[in-house]
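Structure at a glance
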Amino acid sequence: AMTKDNNVLGKFQLEGIPPMPRGVPQIDVTFDIDANGILNVSALEKSTGKEQKITIKNDKGRMSADEIERLVQEAERYKAEDEANKARVEAKNGLENYVFQVKNSINDEKLAGKVSEADKKKVLDAVTSTTQWMDTNQMAEKEEFEEKQKALETIVLPVLQHLSSGGAAPGGGFPAGGFPGAAAGSAEGAGGEEGPKIEEID
């Protein structure tokens, strides 16, 4: 189910986290329900130690047994829709992470002199075009995100193949973690560094 469909039990904000590069913040969210039905939720940002928590009691007036049963039945009824939406979100996140990794890799100083300016411009232009498309198509279908990733890969992979076939200068190589798609030599997804993982608490 989507966050918007959840029943709001409480809210809190985790503040005081300084700006960090994408993928660096790591937030652990813990849910703990005791025998009395009291829910304790905590969020901890590992690098700063910043933490916030909330306790939600099983007060009367929250949700009746009938309301809970109705939600369970609705969850089953909309299961296929939820799974389709999950697949769409995963495809969207996969494309965003791939774009992020390609951009970081092509700009890595370890590749300086190993990728021609023409190839670098071609890749960065494709990254910019894909990013602009994502900005205006956040609700696109799963297949559309997958098609966009494949289109980007058709531009990126020839550059990889040129490097791996000896087109790079002697002693060259890939940046730490590898260029996206390089490990398998195929167009299947993005490897290496992952983008951020965000969990919402409602």
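Quick note: structure is the one above.
The notes below deal with the structure included here. (Residues numbered from 1 in each chain as written. Predicted model: local features only at pLDDT ≥ 70, side-chain atom pairs only at ≥ 80, totals over all residues. Heavy atoms only, no water.)

1. Regarding helix 3 (residues 117-136)
Keep this limit in mind: Note on conventions: DSSP H or I runs of at least 4 residues are helices, E runs of at least 2 residues are strands, and numbering of each starts at the N terminus. Residue count minus one, scaled by 1.5 Å, sets the expected span of a helix. Residue burial is assigned from relative accessible area. The probe radius is 1.4 Å, only protein chains are included, and a residue is buried under 20% of its type maximum, exposed over 50%, and partly exposed in between. Taking the helix axis as origin, the arc is that swept by the directions to the C-beta atoms.
With 20 residues, helix 3 should cover 28 Å at 1.5 Å per step; its first-to-last C-alpha distance of 29 Å lies within 8% of that length. Of all the residues in helix 3, the buried ones are Val123, Ala126, Val127, Thr130, Trp133 and Met134. Viewed along the axis of helix 3, the buried residues span an arc of 130°, placing them on a single side of the element. Exposed residues on helix 3 whose side chains face more than 90 degrees from its buried face are Glu117, Ala118, Lys121, Asp135 and Thr136.

2. Here's the deal with the packing of helix 2 (residues 79-106) against helix 3
Using the following cut-off: Axes here mean lines fitted to C-alpha atoms, for a helix over just the part in contact, with angles spanning 0 to 180 degrees between N-to-C directions. By definition in this entry, angles of less than 35 degrees are roughly parallel, angles greater than 145 are roughly antiparallel, angles of 65 to 115 are roughly perpendicular, and the rest are oblique. Here a crossing is taken to be left-handed if its near helix is turned anticlockwise relative to the far helix by less than a right angle, and right-handed if that turn runs clockwise. Throughout, a residue-residue contact means that at least one pair of heavy atoms, one from each residue, lies within 4.5 Å. The classification used treats Ala, Val, Leu, Ile, Met, Phe, Trp, Tyr, Cys and Pro as nonpolar, Asp, Glu, Lys and Arg as charged, and all other residues, Gly among them, as polar.
Relative to each other, helix 2 and helix 3 sit at 150°, their axes nearing to 10 Å. Comparing the axis directions of helix 2 and helix 3 gives the class roughly antiparallel. Crossing of helix 2 against helix 3: the hand is left-handed. Residues Leu95, Glu96, Val99, Val102, Lys103 and Ile106 of helix 2 form the contact with helix 3, whose participating residues are Lys120, Val123, Leu124, Val127, Thr130, Thr131, Trp133 and Met134. The residue makeup of the contact of helix 2 with helix 3, split by class, is 9 nonpolar, 2 polar and 3 charged.

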